[in-house]
Amino acid sequence: MPTLFTRIINGEIPSTKVWEDDRCIAFRDINPTAPTHVLVVPRQEITRLDQMTEADEGLVGHLMRVATLVAREEGLNDFRVVVNNGAGAGQSVFHLHVHVIGGRSLSWPPG
Ligand code: 5GP
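Computed from a predicted structure; not experimentally measured.

Asks: I'd like a description of the pairing of strand 2 (residues 24–28), backed by residues and values.
Replies: Of all five residues making up strand 2, four are buried, and the element is well covered by its neighbours. Sheet topology note: the strand 1 (residues 17–20)/strand 2 ladder contains three bridges and is antiparallel. Pairing of W19 across the sheet is with A26, part of strand 2. Hairpin connection, strand 1 to strand 2: the antiparallel pair is bridged by three residues. Judged from the five bridges that link them, strand 2 and strand 3 (residues 36–42) form a sheet pairing that is antiparallel. Paired with R28 across the bridge in strand 3 is V38.

So, in C-alpha cells, the structure goes:
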C-alpha cells in the first residue's frame with residue numbers, strides 16, 4: 001500500500017505544492033501550526049528517520065537543503081525544521097518528512 005504522502009506525490013490526493021524535483025516534493029501542511037508550515041517529503045518511501053541508511057545520506061541532506069530554500073522563498077529568516085521520529089514523538093504519517101515551520105515566534109522546548 002502506498003503511503004498517504006506517496007498518494008499526494010502521485011497526485012491522487014490534492015496538495016498545495018511549493019517545491020518539486022526528482023528526489024522530493026514540498027507542500028503545505030493541511031493543518032498548519034504557523035503561517036508557514038510546509039512538509040518536505042522524499043519520493044522514496046522511508047518510514048521514519050531512524051530507518052535511513054548510509055545510502056540515504058545524500059537524500060536526507062537534500063531534504064534539509066530544500067527546507068532552507070523553501071524557507072527563503074517564504075521570506076523566512078528564522079524558522080524551525082522538525083522531524084518527528086515515531087508515534088511517541090508525534091509522528092502520524094509513516095513516510096519520512098521534514099516540517100518547515102515559521103512566520104511566528106517559536107518557543108523552546110517544543111511540547
Ligand atoms: P507528523 O505528525 O507525522 O510529524 O506530520 C504529519 C503531518 O502531515 C501533520 O502535520 C498533518 O497535519 C499533515 N497531514 C496529514 N494528512 C495530510 C494531507 O492529506 N495533506 C497535507 N497537506 N498534510 C497532511
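Once you've had a look at it, read on.
Asks: Break down the side chain of D56 for me, with residues and values.
Replies: Inspection of the secondary structure assignment puts D56 in the loop between strand 3 and helix 2 (57–73). Here the side chain of D56 touches T53 through a polar contact of 2.8 Å, landing on its backbone nitrogen.

Rules used throughout
Residues numbered from 1 in each chain as written. Predicted model: local features only at pLDDT ≥ 70, side-chain atom pairs only at ≥ 80, totals over all residues. Heavy atoms only, no water. Buried < 20%, exposed > 50% of the residue type's maximum accessible area, 1.4 Å probe, protein only. Helix = DSSP H or I, 4+ residues; strand = E, 2+ residues; numbered from the N terminus. Pairing = 2+ DSSP bridges. Polar contact = N/O pair within 3.5 Å; in protein donor to acceptor, adjacent residues only side chain to side chain.

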